[in-house]
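Per-entry structural report
If you want the building blocks of each chain, they are given just below.
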Amino acid sequence: MYLAAACHLWSGYYLADQEYIYAGVVMILMSIVTAAFLFVENNRVRPDHKPQYEVEQEEYVVRRHEFERRIKAKDIVVGDIILNLHHGQLIPADCRILACDHHTCVNNILFGYGAAELRVSEDDGGYLGAEPNPMDAENMIWRGSDITNKGIIQEAMVLKVGKQTQVGRTLKLMHALEEKADHQSFTRKEIGAAAMAFSVTAIIIMIISMIYMSLLPAPLPSTDMVIVAASVLLSCIPMGLLLSTMLTLRTSYSRMLVKGVNVKDIGSIEVMGGVSAIVTQPQGPLSNGHEIVAALVYLNDDGELHMTFPPSPYDKYTHTEEYAAAECQARGQQHLQKSALLACHEARYVTKEEDVNHTRWPAETHPHKKHLVPLHPYELKRDEVTGKRHRSFRWATRGEESDCAAIRFYHEHKAGFQIVHDETSTVGSDGVEHTHSMKVEADPVDVRDYYPKIFWSPYEPKRGFEIFIRCSGPGKDPTTNNSPRVVYIKGNPESVIARCTKFRDPAGPSGVHGLRPMSDADRKVLDDTIKRYSSEGLKVIAFAESEPLPLSNYSHNYKYMVNPAPTDKYTTGNFPLGEDSEAPNVHPRSVGGLIFNGLICTHDEVHDLEEAMSLCRQGDVRVIMTTPENAEHGLGLARKVGIVTEENTDLDLMEHNEIIRNLVGTDPAIGEHNYAEENRRLESLPQEQQDHVAHAMSDYLTMPVEEIIAKGYNKLIDPDYSTAAIVTADRVYNERTKQYADLEDMDSEWWERMFRNKPEVVIARCRPIHRQLVCLNLQRLDYTVALTGMGPEDAIALQDADIGITTPEASTMVQSAADVILTGGHFAGIVELIKEGRLVYENLKKTTAFLTVSNVPQMMGIFAHVWLQLPLPINATLVLLVDLVTNMIPSIAMAGEPPEKPLMLQPPRKLKTEPIITFKMIFFSYFQIGVIQAFAGMYAYFVVMADYGFSPAHLYEGGPKGNWGNAPLYCKFDGGKYVNTRGEIDTERNPTTQRPTHLYPLWDGSDGGSVMECVHPIRNYAGGGHFSLTASPINIGLASSYYHHGGAKTTGRSMITVETLDALEYNGFYEYIPFKARMSAFWKDDWLSYDITQSRESLSSNQIPYRNEEEEEHHRDKRIQGQDVLRYYQKPSLGLWSICLDDPLMEPAHKLEPEATSPYEEDGLKGFATWMFTASGNNGKEKDPDATSGKRKSLWGWYVGDGGRHPATPYEQLPKMAYNASAVGSTGCRRETIHDLSAETGSLYTHALFCNGDGYRVEKQFYKKGKPGVDPEKSWLRERLSWKAWGDGHKFHDDLFATEKPGMNESVLREKCAVLDNHHHQLAYCKTECHYECPRVPPEGRFNVTGFQEDTIKNPRQKKSDNPGAGWEVYGEGRTCQCANIASRMVQTEALYNARTAFLVAIVFCQIATVISFKTRWLSVVEHGLGNPLLNVGLFASLMAMALATYSPMLNDLLSTRPIRFFHWMPGLPWACVIIVYDEARKFFMRNTSRRTTNENGEQERVIGWLESNTHY
């Protein structure tokens, strides 16, 4: 892009052509806009890490080298001791705690909100090496964390600072994730690779074209090569592809934002269309994230396991509030609630500042106002299913959701705890102090405060539970609370129950303190209960506690440790945890069973996902659920949301097999998984026993016995037969080792077998590493994986997934790592995003194919210009108009095109093997539809050019040389007639053998005449000077101003000479102005006689710049400068250049390579190779006598030979010049071959004289009135024409000046140009105004050309008649006008502009047809319809843009277009119809040649036909 822009800017600079400059500027602006758009998109949702950097500016007290000082955090170094960190301060570095309060809690920045952890010093049991992961060490604090309570860290040693800290490395990881996300965007990679491919192809084609042009017989100069390069680059690159793609994705992004899906990287939208597997979890998209206590399991007052069901969505609110209140009086439930509250970490209600949704505090009350009255905690709602009204707890909470459910439940159904709420001391009348206390029902948060926490260990997945140690009696200060300590644990039921040996039995003899042992039957009942509620999708949490720990053994200063140091001989904690006493290295105090308090089942209402899951199955998108809960919970929830639809999962089959084994027993000799052998054993049993199994299974499955036997349910079933796998991550059977192992230990073969054979998968007891393994193994099997994550532990898995998805409730780290944020928090948003991605992929293919098609006609136009030498059919500005306007609007509108068939009935795209841009697309776009468009454009181009008199044969050689429109066209005619502008015929001249006259300048071939061949005159004068934007100013009507010191200056441009024109006419080529162009709307009679000094409009295609009346009065001599000079010399000078008049010997410049000529040019320049001549005293009929002596005499009397030039006859004795056009040139140069001085055709000459008919006759002519420094006695013109100044450095004149022969004066110069004063190609001079039929002013009357007569009078008071001898003559009255015939090149220019406009119209019509055809890739457009209103508006906008470009005068000047005739819109329409018919026929045969057949197994399979396999892009 930038290379093409640079080439266009350089071309515009060199040619002084604004068209190229506009194109270059537009390309640069488009590149900047595209880059800015991409930059904004890349930085749109980058995480704000500013708060983490602001900590650098905070001041802290540190001890360094035994001195305390206050320094900023950025100046802290490793080894400093930070002092007195307290609540409200961010921790500035990673530190090891040396001294702190026992109850200091730190909110770990790495684990999101609410992840507060108890921190202790090393002396209190914290040890950095005690944990395999330093992140778990209890004496470590991390940069960016803060202290959540009123604890103080007295001393902390700095271990890491800056980017080396955990947060610093995490931030670097986040940046790395963002960078990786950019690179993983398949859409950007594809479009970027495509853009690179297009650019490389364009450069290769450019190089080939330039090599071709350099190998032509007429190679172009380097400057023109750059123009060719610019044109090729521009035509080969689909300019709007990247921008259109980004705008399409941006449109999709906006649509998804409305649907509650925030896509951080818009490239991820299209990637989602290829997602074939979604790895999700219960938290987040599947549920509301609001847990409610649905059931409680505990021992009732009768000592039996009892279930309580509070009103909740789980039981459809069938139980009443009265029932729940009565159940709360049970002592077993009170113990369970108390255990749940005391095992609750930091769950709490929102504060005033946090309550942005006004769930607790009213909105109309100022949040900082004192005495705020909170809202009522309940509100009445109606259940949508049952219609019943129920109470709903409205206060928002903070913390882990299951803990929040516990405090909400307690607030709704208080268990009647009595705690000391307030104590007051008063002095009675007896003078004795009395203490009064009031016991009230405690707030759930108060319960935790009055039973203070001594020790806490967070939940560990491998351990399976969370540990709390609290005081057993009220008292907020643990240092003065002398009540025994109690250990509370909560976690996975299997982990907690395994450590329990006793029940708290309210019916025991000791009342609430009664305990009874837990029997195997109790465990079986609990296990069944857990499976029952888990299978219904409830989250089951078990609670237990220890017996009170006496202070004699567990004092206030006792150091509780869960994970001892590696040097310790024990591997378990040093307090009761129910450890097995038989296990090795068990601490004596950790053994002993715990007391089981009960189970709490929480219900998190899931979304209605039946439709979403159905769409996923239809679209071949598998959904894999991972859960940290048990297998039954995972299966129950998966069935509830629709992830698992299989009736018999492998878990069900294993339970089925377990029932049969319990009925018939097992054989130790038969392996557990040898189902075939077990069934053979079963068949060998007595029939009665087999019938017993059948009847038992009939009762279990509620099926008739006959059906049980028919289906084989009376036998063991291999779980591998099921299509649904319920995997417990920490207990997976390994077929290879015949042992159970962790999911981490399974090999790739196991993963592949499971994913290939099990469409429905649920992984229970899943840890973050397991989710990562699931993602990586799916990717290894060519799945495109979308993974949902909520906690910070999911960040790595989100990084590894192709698309990471989260919700706004997730931690900051996870939101930073994710690609998509479900602002609506609903799984259906993922499905909508997949549908959108598939739609974007489908529409991007159509858009890309559409945008690349228009490159073909553009390239065809450029190649016709470069390779066929035709005038450029489409210029740079029109290419940009097509690419950035008429194509861009429909391409963006195509993003809203509806799908051809339901999106979720299509298979997911394979990102690696199904790119957007394929070979079939390129072949179809370029070599089928593109070729049709190219023919349409060229056809319209040729039709319009022919309508204005230029057949395709005339256009050859009008291309890269820049002659078309810049030089007159000379042609050979066969018949026809010359006519004037009124159509009157010149009966005296035969166009075949005679040139036209100025009265009949047009050629008409309507009577059967034809144009045989055409050629532009060769530019054989090399020119003078050099290219410069500060070129010397010239007066275009004053011949002398063309010369400066050193000779003529043409800014380095070569010029056409009169010798070339004479040679063309000698060989039968005459100036061609077609009469067909006269009949056009663009024709102007002024072109035949154009006033070059008093022009009011730029009719000469910018050769003569426009000036207003004020400028015209100030510069009525038409003085131009700067770029106007450059533009002027691109076209033939308004006058005649003669080589012969300047250098009679006409020696070519041997240092300059001859200009290569085409066959037509050689045909027109026959005889010009030897422009030598001899003087003739009788009009060339008598040969000079000196010729026989080996001497050649010039016209001006110089012999050539004998060592150089020698004067011959004095000038005044030479005969007056006359010429015969058939034999001698207009300058007197006879065409004779002199072999020893011959020159090649196309030779360049460095000396030429410019004449424009003014005869250098005005002796006294001021350049400008009142010009300072001008001697009134000497005019500027006279000074400039002094021999010495004019001839400085000029070889010929140096020789001339060296002769002191009489008569060699200014009259000689005048006589030289006098030869061309009346030349038929010379400027015409008319009185008053220019007209091609005006009487021509003879040379002697052309005194008053560039100024008024009064300007030349010495004394203004003197009359004209008083100064008759002033050296000039008066010819008539009024102003004499200089008039040039520019009709030939102006007709070429206007015809070309009209043809370009027709080319544009044809392309746009074909592009509209292409858009209509490309609306579908498979269906018929008739069937699909035109129901996309945005696209219809886009097509209309394209037509309007084309109409404005055609008929808007302002755009006509900017784009070089013209208001073409109506029927010139028509050439492209048939080709547009061809495109629609061709594509519809292709799709029809493609649909009918691809069919469905039945294979040997009776299954339907699709056979792809040849057309589909080769043309379906």
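Anyway, here's the lowdown on the structure attached to this text. Not measured: the values here are computed from a predicted model. (Residues numbered from 1 in each chain as written. Predicted model: local features only at pLDDT ≥ 70, side-chain atom pairs only at ≥ 80, totals over all residues. Heavy atoms only, no water.)

1. Here's the deal with the sheet that holds strand E31 (residues 760-764)
- The strand order across the open sheet built from eight strands is E10-E34-E33-E32-E11-E27-E31-E28, with neighbouring strands paired in mixed fashion. Each end of this open sheet is capped by a strand with a single partner; those strands are strand E10 (262-263) and strand E28 (724-728). (Pairing = 2+ DSSP bridges. Helix = DSSP H or I, 4+ residues; strand = E, 2+ residues; numbered from the N terminus.)

2. Notes on helix H10 (residues 331-342)
- The first and last C-alpha atoms of H10 sit 16 Å apart over twelve residues, in line with the 16 Å expected at 1.5 Å per residue.
- Among the residues of H10, those classed as buried are Gly332, Gln333, Leu336, Gln337, Ser339, Ala340, Leu341 and Leu342. (Expected span 1.5 Å × (residues − 1). Buried < 20%, exposed > 50% of the residue type's maximum accessible area, 1.4 Å probe, protein only.)

3. Topic: the sheet that holds strand E42 (residues 1070-1071)
- Overall, antiparallel pairing links the three strands, which are arranged E38-E35-E42 in an open sheet. The open sheet has two edge strands, strand E38 (1010-1015) and E42, and neither has a second partner.
- Of the pairings in the sheet, the one linking strand E35 (residues 970-974) to E42 comprises two bridges and is antiparallel in character. By the bridge assignment, Tyr970 is partnered in E42 with Glu1071.

4. Description of the state of the cysteines
- Summed over the entire model, instances satisfying the criterion amount to three disulfides.
- Counting only cysteine sulfurs, Cys1330 is the nearest neighbor of Cys1377, a cysteine outside any disulfide, at a range of 4.7 Å. (Disulfide = S-S within 2.5 Å.)

5. Quick look at unusual backbone geometry
- Look at Asn84: it is not a glycine, yet its phi comes out positive at around 55°.
- In this fold, Asn84 is placed in strand E3 (residues 81-85).
- Take Asn84: its relative accessible area is 47%, and that puts it in the partly exposed class.
- Of note, Ser1456 is a non-glycine position whose phi angle comes to about 60°, a positive value.
- With respect to the secondary-structure elements, Ser1456 resides in the loop between helix H43 (1449-1455) and helix H44 (1468-1489).
- Relative accessible area serves as the criterion here: at 9%, Ser1456 is assigned to the buried category.

6. Digging into a nonpolar patch on the surface
- There is a patch of nonpolar side chains on the surface, built from Met196, Val200, Ile204, Ile208, Trp867 and Leu868 and spanning about 560 Å² of accessible area.
- Here Ile208 shows up in helix H5 (residues 186-215). (Patch = residues over 30% accessible without salt bridge, like charges linked within 9 Å, V, L, I, M, F, W, Y side chains within 5 Å. Areas by Shrake-Rupley, 256 points an atom, 1.4 Å probe, with all protein chains shown as cover. Salt bridge = Lys/Arg side-chain N within 4 Å of Asp/Glu carboxyl O.)

7. Examining the packing of aromatic side chains
- Under the counting rule described, the total for this entry stands at 36 aromatic pairs.
- Pairing Phe1414 with Tyr1513 gives two aromatic rings, centres 5.8 Å apart and planes at 50°, and the pair type is tilted. With Phe1414 in helix H40 (residues 1383-1414) and Tyr1513 in the segment after helix H45 (1506-1511), this residue pair connects regions lying 99 residues apart in the sequence.
- On the basis of relative accessible area, Phe1414 is assigned to the buried category, the value being 0%.
- An aromatic cluster of three or more residues is present, and its members are Phe950, Trp964, Phe973, Tyr978, Trp1003 and Tyr1072.
- One Lys or Arg, Arg589, reaches over the ring of Tyr554 and ends 5.0 Å from the middle of that ring.
- Across from the ring centre of Tyr740, 3.7 Å away, lies the NZ or CZ of Arg731, which sits over that ring. (Phe/Tyr/Trp six-rings, centres within 6.5 Å; stacked < 30°, edge-to-face > 60°. Lys NZ or Arg CZ within 6 Å of the ring centre and 35° of its normal.)

8. So, the pattern of salt bridges
- Taken as a whole and judged by the stated rule, the model has 41 salt bridges.
- Where Glu494 meets Arg765, a salt bridge forms, and the shortest distance between an N and an O atom there is 2.3 Å. One end of the pair, Glu494, is in helix H13 (residues 493-497); the other, Arg765, is in the loop between E31 and helix H22 (768-780), and 271 residues separate them in sequence.
- Judged by relative accessible area, which is 38%, Glu494 ranks as partly exposed.
- Within the structure, one salt-bridge network assembled from shared partners comprises Asp1479, Glu1480, Arg1482 and Lys1483.

9. Description of the packing of H40 against H44
- Running from amino to carboxyl end, H40 crosses H44 at an angle of 20°, the nearest separation of the two axes being 8 Å. One way to sum up the angle between H40 and H44 is to call them roughly parallel. Regarding H40 and H44, the two cross each other, and that crossing is right-handed. Between H40 and H44, the contacting residues are Ala1402, Phe1405, Cys1406, Ala1409, Thr1410, Ser1413 and Phe1414 on the first element and Gly1468, Leu1469, Trp1471, Ala1472, Ile1475, Ile1476, Asp1479 and Lys1483 on the second. (Axes fitted to C-alpha atoms, helices over the stretch in contact; angles between N-to-C directions. Parallel < 35°, antiparallel > 145°, perpendicular 65-115°, else oblique. Left-handed = near helix turned anticlockwise from the far one by under 90°. Contact = heavy atoms within 4.5 Å.)

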